[in-house]
Amino acid sequence: MKLLAFAIALVVASCEAATPQLRFAWKEVDYEWNTPAERQNAIKSGDFVPANNLPLGLGRWKNKLFVTVPKWKNGVASSLNYVDLNGTSDQLLKPYPSLKDNFIPDSAKDLPSNKTIISVFRIYIDPCDRLWVMDTGLADIWGAGNQIVRPSIVIFDLKTDQLLHRYFFKLEDMKEDSFFANIVVDVDKNTCDDAFAYIPDLGGYGVVVYSLKQNDSWRVTHHFFHFEPLAGSYRVGGVEFHWTDGVFALALSEPRENGFRTMFFHAFSSTKEFCVSTELLRNYTHIDKQEAFHDFKLLGDRGQGTQASASFYDPNTQVLFYGQVNRDGVGCWNSNKPYTPENNVLIFSDPKLYEFPNDLKIDDEGLMWILVDKLPRFLYKTLDPNEVNYRIYSISAKDAIAGTACE
């Protein structure tokens, strides 16, 4: 009997799902300042309000893990930053490319320089060692709101930390309620100059396409970019709120036989997933829009209460991962299976550990990085500075889906 019990225990242990490793955790974030006096002066002037600095987006390049801090409220010292992977778990954020390039007043009227960063939600690191930054140009979003400049794409060479290019959106790319909080890049490492960026407009319900080679952009519209009226209510961290956010998460597959990728997408306030070929997005200005309407496809529905934040497609496992904001965890779907509630799996969930997973990425080593930040409480209530509010986890994508319907 003892041997049987021991054997059963081994089987149970081997079947237990892997859990993400906590890599970084902060009660409040702070930055590397040039001098202590500079920090104190920033606090006195209101240019740095520690409680108003919430990490949101992330991305890994070699030993750097980039962390964005959007200017939701006043007093955000630096919007684009990184931490050292081998550093302490609560280390100071290092402004990128420098503090000078990030530290500008919320009341500014223009850019001090072309590499100045104003407010960033999410970033994308491409195979060509470039950092693509979607700068909203908007400061103090939740407060007075100051649109310092038009939204822009800022591209850095990660090997030299030098600015490569900045592209400002055209007026026709935007609508009155436009809000750009994400970016994905479609490029091959052998054709770095022929890159395309896709930027969802969650407030104006469209997608902006940018061609690096053409240095031009155009707007794509479709009904599937809108939110679902019955999926706009949330309850997270004891906070009930209602959002009308449209198309938000974009994820790119590996190239198909025709050389183009599939772009998976969903609105934030929705439980449905859609897809479209990047061939259509790239050539949208030259095609019949009426015929192209039917090339956007509904994949299926995850089920009630499954609104999702950012998503990322892993070509090694052919699995789409996504944050489950209403369920305090991360979900997945194997793209070789029908898109049904049964095939959409919540791979880990805990309201104490994964409250509002806001961004996730998978790096070249197959590690999935997840940022959790309690955003609803930050916006509608207050965070307790004596408890951990912001966490970053990592886990092998293969280990995350082991033994699930996504494997």
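Conventions and cut-offs
- Residues numbered from 1 in each chain as written.
- Predicted model: local features only at pLDDT ≥ 70, side-chain atom pairs only at ≥ 80, totals over all residues.
- Heavy atoms only, no water.
- UniProt positions renumbered as here; feature names shortened; annotations may be inferred.
- Domains from an automatic or database assignment.
- Contact = heavy atoms within 4.5 Å.
- Buried area = accessible area lost by both parts, 1.4 Å probe.
- Salt bridge = Lys/Arg side-chain N within 4 Å of Asp/Glu carboxyl O.
- Helix = DSSP H or I, 4+ residues; strand = E, 2+ residues; numbered from the N terminus.
- Nonpolar A, V, L, I, M, F, W, Y, C, P; charged D, E, K, R; others polar.
- Buried < 20%, exposed > 50% of the residue type's maximum accessible area, 1.4 Å probe, protein only.

The protein chain has the name Protein yellow isoform X2 in an unreviewed UniProt entry, where Bombyx mandarina is given as its organism. Comment text from UniProt for the protein chain, heading Subcellular location (unreviewed entry), reads "Secreted".

J.: Which parts of the structure should I look at to understand the domain arrangement of the protein chain?
T.: Many analyses report the size of an interface as the accessible area lost when the parts associate. On domain assignment, one finds that the protein chain holds domain 1 (20–168) and domain 2 (228–406). For domain 1 and domain 2, the distance between their C-alpha centres works out to 23 Å. The interface is formed by 29 residues belonging to domain 1 together with 31 residues belonging to domain 2. Together domain 1 and domain 2 conceal approximately 2,700 Å² of surface at their shared face, both sides included; 65% is due to carbon and sulfur atoms. Area buried by domain 1 at its contact with domain 2 is led by P20, K27 and L58, which between them contribute 25% of it. At the boundary of domain 1 and domain 2, one finds three salt bridges. Between D363 and R60 there is a salt bridge; the shortest N-O distance is 2.8 Å. Among the elements of the structure, β1 (21–26), β2 (58–61), β3 (64–68) and β6 (120–125) are those that each provide at least two residues to the side of domain 1 that touches domain 2. For the side of domain 1 that touches domain 2, the element with the highest residue contribution is β1, accounting for six residues. Across the side of domain 1 that touches domain 2, the residue classes tally to 18 nonpolar, five polar and six charged.

J.: Would you take a moment to explain unusual backbone geometry for this structure?
T.: Where the residue is not glycine, phi is negative for most of them; where a peptide bond is considered, it is trans in most cases. Residue P97 is bonded to the preceding Y96 through a cis peptide linkage, with omega at -5°. Within the secondary structure layout, P97 lies in the loop between β5 (94–95) and β6. Positive phi outside glycine occurs at D140, with the angle close to 50°. Examined against the element boundaries, D140 turns out to sit in the loop between β8 (138–139) and β9 (146–147). With a phi angle near 55°, K374 is a residue other than glycine that sits in the positive phi range. Looking at where K374 falls in the secondary structure, it is placed in the loop between β27 (367–372) and α5 (375–380). You can call K374 buried: its relative accessible area is 5%.

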